[in-house]
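One letter stands for each residue in the lines below.
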Amino acid sequence: MNKTTRELALPRLDTGRFASLEVLTDEPLFRQTGVRIAFTGRAGGVSEGPYASLNLGDHVDDDLACVLENRRRVSAALGAADAPLIVPRQVHGDAVLTVANPADAPAVQARAGEGADGIVVACAGVASLLCFADCMPVIAVAPSGAFAVVHAGWRGVMAEIAAKAVRELVEADRMRGVETLPSQVNVYLGPHIHAECFETSEDIHRQFTERFGTGCSAGARHIDLAAAQRESLARAGVAPERVVDAGVCTVCSNEAYFSYRAQGGVCGRHGAFAFRA
């Protein structure tokens, strides 16, 4: 087995502009690995009304033609115009699917259409997009250039899907003869509902503190999803300094990001996107 000798620069999230899109991305990561990650916002698309303007979700009542045009704009702006795009039907579960080579993309997309909340891409030339409106977007990138894109609402955090995706990422590298440790993986937490806005039931609050400790409690019935996620990732071997949080609450920043809570359940979806050319 070949050892991974390259060490990634510590993760960061900065604003980058690509054509009409403004996204959160890590430019040093792109220069080092060729992996373009992006957390999109609301601006830069063609949708209207509560879906204005860059809605990427096809399961809301937006015009499908607008959604497909918005997805096309994202792929084109981020260098993946001709690449297969894996977009799963998200079901708040813990299923993680892996694309080992571009020829697998159609079969994986078919399986993803049946329900999945994490996609690992262990090859160049395949992009993945997952959609959000308060749930936590997670992207993990290995030094090899393999990556995972994960949807983690409170159920996904509780099911520890991001930690599972890191393990699947490490395994995908191992299958390619590359030794990657969880401590070498960069993890990016995108805009999501923050503790001050995430009020839960007493039962859910109890479940979180029992599983992840009192550090994820933000007072009575409020949970800090990022704190719970960090604890889960640390238990999986991810180095704390390799986890970066965008620091944006989707409810408080509803003008820039879609929010299911802030918009009364009628809203579009922003995205977490990754691709390696």
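As a reminder, the structure under discussion sits directly above these lines.
Values in this document were obtained by computation on a predicted structure and should not be read as measured data.

1. Describing the layout of surface pockets
- Approximately 640 Å³ is the volume attributed to the largest pocket.
- Taken together, 26 residues make up the lining of the largest pocket; nearest its centre are His59, His92, Cys135, His151 and Arg269.
- Elements with a minimum of two residues in the lining of the largest pocket: strand S8 (127–132) and helix H4 (154–158).
- Residue classes in the lining of the largest pocket are distributed as 12 nonpolar, 7 polar and 7 charged.
- Here the second largest pocket is characterised by a volume of approximately 160 Å³.
- Forming the walls of the second largest pocket are Thr15, Glu22, Val23, Leu24, Phe39, Gly41, Arg42, Ala43, Ala256 and Tyr257.
- The element best represented in the lining of the second largest pocket is strand S3 (residues 21–25), accounting for 3 residues.
- Looking at side-chain class alone, the lining of the second largest pocket contains 6 nonpolar, 2 polar and 2 charged residues.

2. Observations regarding the packing of helix H6 (residues 202–212) against helix H7 (residues 225–235)
- Contact geometry for H6 and H7: axes closest at 10 Å, N-to-C directions at 30°. On the basis of the axis angle, H6 is roughly parallel to H7. Two packed elements cross with a definite hand, and for H6 against H7 that hand is left-handed. Between H6 and H7, the contacting residues are Phe208, Arg211 and Phe212 on the first element and Leu225, Ala228, Glu231, Ser232 and Arg235 on the second.
- For the contact of H6 with H7, a count of residues per class yields 4 nonpolar, 1 polar and 3 charged.

3. Structural notes on the packing of aromatic side chains
- This model, assessed by the stated rule, comprises 1 aromatic pair.
- Each ring, one from Phe208 and one from Phe212, has its centre 5.8 Å from the other, and the planes form 45°; the classification is tilted. Placement of the pair is Phe208 and Phe212 together in helix H6, with a separation of 4 residues, close to one helical turn.
- A relative accessible area of 6% places Phe212 in the buried class.
- A cation over an aromatic ring shows up here: Arg36 above the ring of Phe30, its NZ or CZ 4.1 Å from the ring centre.

4. Section: the nonpolar core
- Judged by nonpolar contacts, the single largest core of 37 residues is most densely connected at Val138, Val187, Phe208 and Leu225.
- Looking at this core, the elements that each hand over two or more residues are strand S9 (136–141), strand S10 (147–152), H4, helix H5 (161–175), strand S12 (186–189), H6 and H7.
- Take this core: its biggest share by element is 6 residues, from H5.
- When residues no more than four places from it in sequence are discounted, the contact partners of Val138 are Ala148, Val149, Val150, Ala152, Ala162, Val187, Tyr188, Leu189 and Gln229.
- Residues Leu13, Ala105, Val108 and Cys123 belong to the second largest nonpolar core, which totals 31 residues.

5. So, the pattern of salt bridges
- A complete count under the given rule lists 13 salt bridges for this structure.
- Salt-bridge contacts for Arg211 lead to Glu160; the nearest nitrogen and oxygen are separated by 3.2 Å. Note that Arg211 is positioned in helix H6 and Glu160 in the loop between H4 and H5, a separation of 51 residues in sequence.
- With a shortest N-O distance of 2.5 Å, Asp173 and Arg176 are connected by a salt bridge.
- A relative accessible area of 36% places Arg176 in the partly exposed class.
- Through salt bridges that share partners, Glu69, Arg72 and Arg73 make up one connected network.

6. Thoughts on H5
- Taking 1.5 Å per residue as the helical rise, H5 with its 15 residues ought to reach 21 Å, and the 21 Å between its terminal C-alpha atoms agrees with that figure.
- Of all the positions in H5, only Ile161, Ala162, Ala163, Ala165, Val166, Leu169, Val170, Ala172 and Asp173 are classed as buried.
- The first or second residue beyond H5 is Gly177, which carries a positive phi of 80°.

7. Some remarks on the packing of H5 against H7
- Packing of H5 against H7 brings their axes to within 8 Å, and their N-to-C directions diverge by 35°. Note that H5 runs across H7; the crossing there is right-handed. Contacts from Ala162, Ala163 and Val166 of H5 reach H7 at Gln229, Ser232 and Leu233.
- Grouping the constituent residues of the contact of H5 with H7 by class yields 4 nonpolar, 2 polar and no charged.

The rules we used
Every chain's residues receive numbers from 1 upward, in the order its sequence appears when written. Per-residue local features of the predicted model are confined to residues with pLDDT of at least 70, and side-chain atom pairs are confined, for both listing and counting, to 80 or more; whole-chain, interface and lining totals are unaffected and use all residues. Think of the side-chain values as coming from all heavy atoms in the structure, minus any hydrogens and water. Here a cavity denotes grid points, spaced 1 Å and computed from the protein atoms alone, that fit a 1.4 Å probe unable to get out, and a pocket denotes an open set having protein on both sides within 12 Å along at least 5 of 7 lines; residues with an atom within 4 Å of a point are the lining. Grid points are joined across faces, edges and corners, and a volume is the space filled by probe spheres set on the points. Think of it this way: any DSSP run of H or I at least four residues long counts as a helix, any run of E at least two long counts as a strand, and we number them from the N terminus. Residues are grouped as follows: Ala, Val, Leu, Ile, Met, Phe, Trp, Tyr, Cys and Pro are nonpolar; Asp, Glu, Lys and Arg are charged; every other residue, Gly included, is polar. Axis definition: a line fit to C-alpha positions, over the contact stretch in the case of helices; interaxial angles, taken between N-to-C directions, run 0 to 180 degrees. Put simply, angles under 35 degrees are roughly parallel, angles over 145 are roughly antiparallel, angles from 65 to 115 are roughly perpendicular, and the rest are oblique. Left-handed describes a crossing whose near helix is turned anticlockwise from the far helix by less than a right angle; the clockwise case is right-handed. Residue contacts are counted whenever heavy atoms from the two residues lie within 4.5 Å of one another. Each aromatic pair joins two rings of Phe, Tyr and Trp (for Trp, the six-membered one) with centres within 6.5 Å, and gets the label stacked for planes under 30 degrees apart, edge-to-face for over 60, and tilted for any other angle. Exposure is judged per residue with a 1.4 Å probe applied to protein chains only, and the accessible area is read against the type maximum: over 50% gives exposed, under 20% gives buried, and values in between give partly exposed. Distance and angle both matter: a charge sits over a ring if NZ of Lys or CZ of Arg is within 6 Å of the ring centre and within 35 degrees of the ring normal. Throughout, nonpolar core names a set of buried Ala, Val, Leu, Ile, Met, Phe, Trp, Tyr and Cys residues whose side chains join them through atoms within 4.5 Å. Any carboxyl oxygen of Asp or Glu that lies within 4 Å of a side-chain nitrogen of Lys or Arg is treated as forming a salt bridge with it. Expected helix span is given by 1.5 Å per residue-to-residue step, counting one fewer step than there are residues.

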